[in-house]
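# Coordinate inspection notes
One-letter residues, chain by chain:
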Amino acid sequence: MTDTVTDRFLRYVVIDTQSDPKSSAQPSTEKQKNLGHVLVGELLAIGLSDAHMDEHGYVHATIPSNVDKPVPVICFCSHMDTAPDFTGTNVKPRILQNYGGGDIQLLGDPQQVIRVSDHPVLLDQIGNDIITTDGTTLLGADDKAGLAEIITAAQFLVDNPDIRHGTIKLLLTVDEEIGRGVDKVDVAKLGAQFAYTVDGETAGHIEDESFSADGVDITISGVAIHPGFAKDKMENAIKIAGAIIDRLPRDIAPETTEGKVGFIHPTGVTGSMEKAALSFIIRDFTDDGLASKEAVLEALVKDVMAGYPGSSYTFTVRQQYRNMKSVLDRHPEIVDNAVEAVRRAGMVPVRGSIRGGTDGSRLSFMGLPCANIFAGGHAFHSPLEWVSRQDMERAVKTLVELAKIWEERA
């Protein structure tokens, strides 16, 4: 078994682990367990004797403390699944060594080009080794880079017992990409006091704030009748759904917002003349912002439905996760220690917000305050996804420094 972070990453990305939002199983796809078994084997091989996969598909392991004094138990967390947005089957990773700058054309699909104009962070990667796909699949750096970094850091700590650290729990989850990553996590059994997801992007970045998130499901019941006799009678549910989508505010969409501005985003539509269903995700950094966007959407639906008096609708809001900042602000040492770890690993720490969520968003409200640190990947959920070897190595060093800092400051 080769054990560099790059070796591990290349092993993991060729295992298809896409999650499936349409499945009610846990995990949503059995193939996620294929990677889980590999991870358990590697954790056992480096000496973590309690490594195992539980009945929900989660992989657990413990790096035992090697000091006598009490040290807060911390947890490193990343997820095994890749996003349903783009295929993760038959991934062919490519290493572009000593990147010299310029756009990167992907060999399997010449139409796929990682352009510096779209990815200016490439300018910081001159001389580094860039890992991409061939352009026909996603890469899976989200979050197999995090997996590789956590396990490589674990091996480094085990192999260097002179590095003083407290107990460290490892939690490798399933189904994060479909919002169910920690549904079955038993936080009390896990036994950690604080946590870090290794699921961020640019090297040196630490995130202590995320979107708050809801899902909205709308069903439309139209009036179906033979089209030959439909005049003044038919109310086509497909057309009603189309009218709702057409009326969505253009300035409250993912493609027109950035920074701290949230959005309303349609993610699915199905239907027939009689019945149609629409799915949305609503995102904002505040609960009030979520509520106002949901009110905008429902008012829009009511306005459209007024033109179809024979039809009806349902409007169901599902809470997904909440901004972790309100929890993390009560435990400033979590981010303070991460900032120092990034600095010791040779980078300038950058604190920021995630225009998304991680398992840590949910864990924070389940009693395990959890910040997010970089894994190094870019262009997630797309065939243009990439990561550099050097940034993954920086993440490993950051995790090792975090372990040391928690012990020093205990």
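Look above for the structure.
The notes below deal with the structure included here. (Residues numbered from 1 in each chain as written. Predicted model: local features only at pLDDT ≥ 70, side-chain atom pairs only at ≥ 80, totals over all residues. Heavy atoms only, no water.)

Turning next to the overall build of the protein chain. In terms of helices and strands, the protein chain carries ten helices and 17 strands. By the compact-globule yardstick of 22 Å for 410 residues, the protein chain fits well, its C-alpha radius of gyration being 23 Å. Taken over the C-alpha atoms alone, the protein chain extends approximately 80 × 50 × 35 Å along its principal axes. Scored against the burial criterion, the 410 residues of the protein chain give a buried share of 54%. (Helix = DSSP H or I, 4+ residues; strand = E, 2+ residues; numbered from the N terminus. Rg over C-alpha atoms; globule rule 2.2 N^0.38 Å. Buried < 20%, exposed > 50% of the residue type's maximum accessible area, 1.4 Å probe, protein only.)

The next subject is the side chain of aspartate 284. Residue position: aspartate 284 is located in strand β13 (residues 275–284). Judged by its relative accessible area of 7%, aspartate 284 is buried. A polar contact is formed between the side chain of aspartate 284 and the side chain of lysine 293, at a distance of 2.6 Å. Setting aside chain neighbours within four positions, we find aspartate 284 in contact with Phe211, Ser212, Gly262, Gly289, Leu290 and Lys293. (Polar contact = N/O pair within 3.5 Å; in protein donor to acceptor, adjacent residues only side chain to side chain. Contact = heavy atoms within 4.5 Å.)

Before going further, it helps to spend a moment on the packing of helix α1 (residues 5–13) against helix α3 (residues 141–159). Two elements in contact, α1 and α3, have axes whose closest approach is 9 Å; the angle formed by their N-to-C orientations is 140°. Considering their axes alone, α1 and α3 lie oblique with respect to each other. Here α1 and α3 pass one another in a crossing that is right-handed. Each of Val5, Arg8, Phe9, Tyr12 and Val13 in α1 lies in contact with α3, whose residues at this interface are Ala141, Lys144, Ala145, Leu147, Ala148, Glu149, Ile151, Thr152 and Gln155. In terms of residue class, the contact of α1 with α3 is built from nine nonpolar, two polar and three charged. (Axes fitted to C-alpha atoms, helices over the stretch in contact; angles between N-to-C directions. Parallel < 35°, antiparallel > 145°, perpendicular 65-115°, else oblique. Left-handed = near helix turned anticlockwise from the far one by under 90°. Nonpolar A, V, L, I, M, F, W, Y, C, P; charged D, E, K, R; others polar.)

Moving on, we come to the sheet that holds strand β17 (residues 387–388). An order of β4-β7-β17 is seen for the three strands of this open sheet, with the pairing classed as antiparallel. Only two strands of the sheet have a single partner each, and these edge strands are β4 (94–96) and β17. Sheet topology places β4 next to strand β7 (residues 130–132); three bridges connect them, and they run antiparallel. Its bridge partner lying in β7, arginine 94 is registered against threonine 132. (Pairing = 2+ DSSP bridges.)

The eight strands are arranged β1-β2-β8-β3-β9-β16-β10-β15 in an open sheet whose pairing can be described as mixed. Each having just a single partner strand, β1 (52–53) and β15 (350–354) make up the two edges of the open sheet. In terms of strand pairing, strand β3 (residues 74–79) meets strand β8 (residues 168–173) through six bridges, oriented parallel. Looking at β8, one finds that cysteine 75 is bridged to lysine 169.

The next point concerns α3. Its 19 residues give α3 an end-to-end C-alpha distance of 26 Å, which sits within 8% of 27 Å, the value for a rise of 1.5 Å per residue. Within α3, 16 of the 19 residues are buried, leaving the element largely enclosed by the surrounding structure. (Expected span 1.5 Å × (residues − 1).)

Take the environment of isoleucine 95 next. Mapped onto the elements, isoleucine 95 comes out in strand β4. A residue is classified by how much of its surface remains accessible, and isoleucine 95, at 37% relative accessible area, is partly exposed. Remark: the alpha-carbon pair of isoleucine 95 and phenylalanine 211, spanning 116 residues in sequence, is separated by 33 Å. Residues contacting isoleucine 95, with those up to four places away along its chain left out, are Thr6, Leu10, Asp129, Ile130 and Ile131.

A full pass over the atoms with the stated rule returns four aromatic pairs. On the numbers, 6.4 Å between centres and 50° between planes, the contact of phenylalanine 76 with tyrosine 196 is tilted. Placement of phenylalanine 76 in strand β3 and of tyrosine 196 in strand β9 (residues 194–200) is noted, with a sequence separation of 120 residues between them. Each ring, one from phenylalanine 211 and one from phenylalanine 285, has its centre 4.7 Å from the other, and the planes form 40°; the classification is tilted. A residue pair is termed long-range when its members are at least 10 positions apart, and phenylalanine 211 in the loop between β10 (205–210) and β11 (212–221) and phenylalanine 285 in the loop between β13 and α6 (287–305) qualify at 74 residues. On the accessibility criterion, phenylalanine 211 (0% relative accessible area) is buried. Residue phenylalanine 285 is classed as buried on the basis of its relative accessible area of 7%. For lysine 260, the ring lying beneath its charged end belongs to phenylalanine 285, and the centroid distance is 5.5 Å. (Phe/Tyr/Trp six-rings, centres within 6.5 Å; stacked < 30°, edge-to-face > 60°. Lys NZ or Arg CZ within 6 Å of the ring centre and 35° of its normal.)

So yeah, pure geometry; function would need other evidence.
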